[in-house]
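# Coordinate inspection notes
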Amino acid sequence: MSDKRDWAFPVPSIRQNGGPSMITLSDHDVERVRALAHRPGHQAKLYTALLGRARQWTETPGVTTADGVMQWWHVVWERLIDVAAAHRFEPDEIRASWLRNEILAICARPADDWVGPFFRPRTDPPAGMLETAHITLAVTTVASLCPELFSDGEHERIRETIRQRGQLLCKRALDNRLGTDARRGLNNWFMVMLNGYGTASVFLEDGPAIEETVERFGIATTLYESDSYGESLQYWNYASGQLAHLYEVLVQHRSALAQRLDHDGYTRCIRWVVNSHLYIKPLAGWGEASLPRALNFGDSAAIFRPTADLLLHIASRARDTHPVDAGLARWLFDQTYAEPQLGPVEGDSFGFANKFRWSSLLMLDDTAPAIAPEEAKLHTAEGFACGTVAVRDQWHEPTTILGIQGGHEPLTTHSHRHADQNSFILAHRDERFFADPGHCCYRLAAQWASTRTRSHSTWTFERPDLPGDLIEQRKPRAGDAASNRLTLLRQRDGVVVVRSDAAAAYRGEHDDDAGQDAPARHAIQRAERTWIAVLPHLVIIVDRIEAATPIRINSHFVLNNRDNVLRTNIAADTKLVFRRRTAAAKLFQLAAISDGITGRSRLDRAWGYMHDVYHPEPNQPGQSREGASHIYTFAGTEPAKTHTMIYGIVLDAETGIRQWHMTGTLDDGFTFDRNGEVLWRLRADNDEILLLEHVAHGCAYRIDSDLTVESPGGSGVDRD
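Here's a quick rundown of the structure. These numbers come from a predicted model, not from an experiment.

## A look at the overall build of the protein
- Within the protein, the secondary structure is distributed over 15 helices and 26 strands.
- Within the span of the protein, comprising 720 residues, buried residues form 62% of the whole.
- Pairs at least 24 residues apart make up 69% of the contacts formed inside the protein by residues separated by at least 6 positions.
- Of the side chains in the protein, 78 bear a positive and 94 a negative charge, and the two mean positions are spaced by 2 Å.

As structure tokens, this is what we get:
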């Protein structure tokens with residue numbers, strides 16, 4: 001439904017005293033921001049960008065713009081508060097008239113418009129959706145920041161609209177979700193609806209509802225893992241940004257509530273978020289601005305960065321209780337918001353393409369000082385409860401970053417996961433080679449395809465009696481036992497070993513009726529992958545599969561070609577070379593052993609998706625074309641109960657990749673040399689012990705249930 005109009009409400013006489021105290025800007029805050037904005041520095045950049053956005057939004061009636069690609073529901077909060085804050089900082093008749101018209105027009109919309117677009121379910125009685133909460137947040141914020149724009153009668157109309165269409169519908173949605181089986185369905189929606197309900201309740205000065213909000217805030221914080229969040233990186237940001245906003249609303253309403261509101265849940269995730277940051281550079285199709293990239297497992301944007309307000313909220317509110325995390329949050333803000341105007345300009349409030357909002361201007365000079373990851377002594381190899389393992393050669397300007405969907409703990413929330421256990425992302429010289437497809441409009445078959453196991457760098461299996469019927473993973477679910485177990489994560493002398501077993505992810509859908517411990521329908525008993533990373537140049541992958549009945553194994557490797565710059569040379573069915581601009585990678589299958597017999601795999605090729613950023617509608621910017629990922633599959637030709645596959649990946653500058661060679665056999669060992677000099681040698685014995693020799697240093701690393709130094713030359717201690 002369009003929000004364009006050719007009429008306007010008359011502006012009333014100025015209302016001197018009105019509007020509840022909710023999210024307000026004191027005269028002191030306004031003067032402080034103005035003063036800082038007129039000095040050289042980052043705050044001036046943010047201030048100028050905010051005024052520029054407000055100017056753009058008010059050029060035409062309605063919250064959407066002529067060149068926009070999103071409907072009004074998905075930009076209403078971010079745009080109305082941009083203009084309201086700009087008007088509060090610098091009062092302007094154009095902004096005043098635009099704000100007044102938009103708020104009164106929204107309140108005059110049919111009640112069904114407050115439920116959301118066509119794809120949101122309608123119930124009787126109606127319950128709130130994400131869009132309901134966003135509209136509520138938009139209207140209450142404008143009416144609180146700029147109360148003088150509305151008459152007493154109009155304020156009453158706004159309050160009644162918020163009560164009936166905002167607060168009531170959000171409460172129904174919360175009650176419905178809390179009534180689900182063991183709260184299994186709680187996820188980011190709960191945080192969004194709680195923010196809408198709580199903010200409306202403060203706006204309406206509804207004491208019992210405020211108390212209920214505080215109690216339910218405590219429920220929301222239990223959805224976080226010990227150090228991360230179970231849905232995805234992007235949905236951590238969306239959920240946490242809602243709680244952070246609600247925290248600020250409640251504390252401004254009554255400062256004593258800070259003692260009852262725990263921000264630890266999302267604050268303790270910041271190290272995971274920092275570990276997931278890759279680099280910043282331009283992305284084809286999005287102009288010349290540099291955009292961030294991230295380890296975007298699950299439903300998460302490739303160009304993800306956290307919302308600035310959330311980072312600065314953590315950097316400010318947690319500076320005494322979590323000083324290192326607060327400093328890391330400020331560091332990540334400085335890294336990703338050096339240019340505040342970069343990236344898409346729509347969808348920030350839904351967490352699609354994140355920006356800063358007006359509260360960033362208030363918090364920027366009230367944060368902990370930035371602490372870089374190396375100053376915080378973060379490990380260069382780190383695993384997290386949600387399943388992410390991040391490995392890099394160094395923190396300052398890393399050359400290579402390896403991200404792994406390794407073992408996860410039992411999850412408290414699971415929405416927006418993919419069937420991607422034991423998959424990986426590998427970036428070298430600011431180029432994503434092995435990449436995750438990300439996500440797109442949830443109403444598309446392309447999204448369904450992007451979540452499937454075959455679209456990730458992991459395995460599918462086949463039974464010989466059911467050719468073409470792939471055995472794929474089931475997505476992890478909250479309340480279930482972990483579908484992937486991290487059994488080893490060790491780092492010594494720059495050698496990192498990660499091992500996880502995802503056999504449980506291949507349990508059949510019908511096994512639920514037989515109980516959690518029932519054998520899988522397809523009898524995958526072991527699906528173990530070991531990564532040996534000697535960054536920045538070498539990654540070795542050792543796969544061990546065991547099944548109760550003979551199966552064929554398909555090992556998928558998903559390459560990034562979303563910008564058509566990937567160049568591939570298939571030197572042989574087991575030897576592939578990839579180039580992206582000035583970086584290159586070699587992928588070799590070094591061994592394929594089935595039931596103890598050395599064989600060979602067939603090289604298959606398919607195509608998939610490589611999305612940039614989510615959009616709620618189909619055929620919009622950010623959605624990938626089919627074929628943007630190249631999927632190379634080493635397909636086993638013989639069914640067997642046991643499979644061992646070994647792969648080598650070397651990475652270097654495009655000019656240096658020819659100097660690297662991987663040769664050898666399982667009996668003699670595999671050598672990795674550059675310019676004829678053997679640097680590393682891998683040996684594997686029948687007892688499944690791996691021995692990685694650093695030839696030049698004369699030391700060896702034994703990999704069994706641990707990683708130990710077996711020969712002189714290594715320190716034998718963990719190094720980061």
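## Focus on the packing of aromatic side chains
- On inspection of all chains with the given rule, the structure shows 21 aromatic pairs.
- Centre to centre, the rings of Y238 and F350 are 6.0 Å apart; their planes meet at 25°, and the pair counts as stacked. In this pair, Y238 sits in helix α9 (residues 233-253) while F350 sits in the loop between α13 (323-336) and α14 (358-363), placing the two residues 112 residues apart along the sequence. Per residue, the accessibility class of Y238 equals that of F350, and both read buried.

## Things to note about the pairing of strand β20 (residues 640-653)
- By the criterion of burial, β20 is predominantly enclosed, with 11 of the 14 residues buried.
- Bridge count for strand β13 (residues 538-560) against β20 is 10 bridges, and the pairing is antiparallel. Bridge pairing in β20 places V542 opposite I646.
- The sheet contact formed by strand β16 (residues 583-594) and β20 spans 11 bridges and is antiparallel.

## With respect to unusual backbone geometry
- Backbone torsion omega between D124 and P125 reads 0°, so that peptide bond is classified as cis.
- Note on placement: P125 falls in the loop between α4 (93-108) and α5 (130-145).
- Note that the residue after L535, namely P536, is joined by a cis bond; omega there is 20°.
- In this fold, P536 is placed in the loop between β12 (524-534) and β13.
- Here D430, not a glycine, exhibits a phi torsion of approximately 60°, which is positive.
- As for its placement among the helices and strands, D430 is situated in the loop between β6 (424-428) and β7 (431-434).

## Remarks on helix α6 (residues 152-178)
- A rise of 1.5 Å per residue sets the reference length of α6, with its 27 residues, at 39 Å; its end C-alpha atoms lie 37 Å apart and thus fit the reference within 8%.
- At R163, α6 shows its strongest bend, of approximately 35°.
- Listed in full, the buried residues belonging to α6 are E154, H155, I158, R159, T161, I162, G166, Q167, L169, C170, A173 and L174.
- In this structure, the buried side of α6 is in contact with α4, α5, α7 (188-203) and α8 (207-221).

## Concerning the side chain of R216
- Considering the arrangement of structural elements, one finds R216 in helix α8.
- According to the relative accessible area criterion, R216 is buried, its value standing at 10%.
- Filtering out sequence-adjacent residues up to four positions away, R216 remains in contact with K171, L174, D175, L178, F190 and L194.

## Thoughts on the nonpolar core
- Counting 133 residues, the largest nonpolar core has L80 and W236 as the members making the most contacts within it.
- Per-element tally for this core: the top contributor is α9, with 12 residues.
- The contact partners of W236, leaving out residues within four places of it in the chain, are Y224, Y229, G241, Y266, C269, I270, W272, V273, P306, L310 and I314.
- Listed in part, the 45 residues of the second largest apolar core include F434, Y506, I541 and L603.

## Section: the pattern of salt bridges
- What the rule picks out here adds up to 51 salt bridges.
- Among the salt bridges present, the one from R562 reaches D612, with a minimum N-O distance of 2.5 Å. One end of the pair, R562, is in the loop between β13 and β14 (566-572); the other, D612, is in the loop between β18 (601-608) and β19 (629-636), with 50 residues separating them in the sequence.
- Given the relative accessible area of 13%, R562 is considered buried.
- With a relative accessible area of 5%, D612 lands in the buried category.
- One network of salt bridges, with partners in common, ties together R499, R526, E528, R544, E546 and E688.

## Brief notes about the environment of V709
- Tracing the chain through its elements places V709 in strand β26 (residues 707-709).
- By relative accessible area, which is 24% here, V709 ends up partly exposed.
- Taking the C-alpha atoms as reference points, V709 and D493, 216 residues apart in sequence, are found 9.2 Å from one another.

## Brief notes about the environment of Q56
- With respect to the helices, strands and loops of the structure, Q56 is situated in helix α2 (residues 42-57).
- Taking the C-alpha atoms as reference points, Q56 and V83, 27 residues apart in sequence, are found 9.5 Å from one another.

## What to know about the side chain of S316
- By secondary structure assignment, the location of S316 is in helix α12 (residues 308-317).
- Excluding residues within four positions of it along the chain, S316 makes contact with D366 and T367.

## What about the sheet that holds strand β25 (residues 699-703)?
- The antiparallel open sheet is built from 6 strands, whose spatial order is β21-β22-β23-β24-β25-β26. Across the chains shown, the open sheet's two edge strands, defined by having one partner strand only, are β21 (660-665) and β26. Each neighbouring strand pair of the sheet contributes to a mean axis angle of 20°, computed without reference to strand direction.

## Section: the pairing of β7
- Pairing analysis gives 3 bridges linking β6 to β7, with the strands arranged antiparallel. Note on β7: the bridge partner recorded for L426 is F434.
- Joining the antiparallel neighbours β6 and β7 is a turn of 2 residues, in which R429 adopts a positive phi near 50°.

## What to know about the environment of H245
- As for its placement among the helices and strands, H245 is situated in helix α9.
- Judged by its relative accessible area of 16%, H245 falls in the buried class.
- Considering only alpha carbons, one finds H245 and L651, 406 residues apart in sequence, at a separation of 43 Å.
- Among all residues touching H245, those that are not within four sequence positions of it are I23, W77, L137, N195 and T199.
- Among the polar contacts made by the side chain of H245, one reaches the side chain of N195 at a distance of 2.9 Å.

Calculation criteria
- Residues numbered from 1 in each chain as written.
- Predicted model: local features only at pLDDT ≥ 70, side-chain atom pairs only at ≥ 80, totals over all residues.
- Heavy atoms only, no water.
- Helix = DSSP H or I, 4+ residues; strand = E, 2+ residues; numbered from the N terminus.
- Buried < 20%, exposed > 50% of the residue type's maximum accessible area, 1.4 Å probe, protein only.
- Contact = heavy atoms within 4.5 Å.
- Lys, Arg positive; Asp, Glu negative; His and termini not counted.
- Charge placed at Lys NZ, Arg CZ, Asp CG, Glu CD.
- Phe/Tyr/Trp six-rings, centres within 6.5 Å; stacked < 30°, edge-to-face > 60°.
- Pairing = 2+ DSSP bridges.
- Expected span 1.5 Å × (residues − 1).
- Bend = angle between axes of the 7 residues up to and from the residue.
- Core = buried A, V, L, I, M, F, W, Y, C linked by side-chain atoms within 4.5 Å.
- Salt bridge = Lys/Arg side-chain N within 4 Å of Asp/Glu carboxyl O.
- Axes fitted to C-alpha atoms, helices over the stretch in contact; angles between N-to-C directions.
- Polar contact = N/O pair within 3.5 Å; in protein donor to acceptor, adjacent residues only side chain to side chain.

What is shown is where atoms sit, not what they do.
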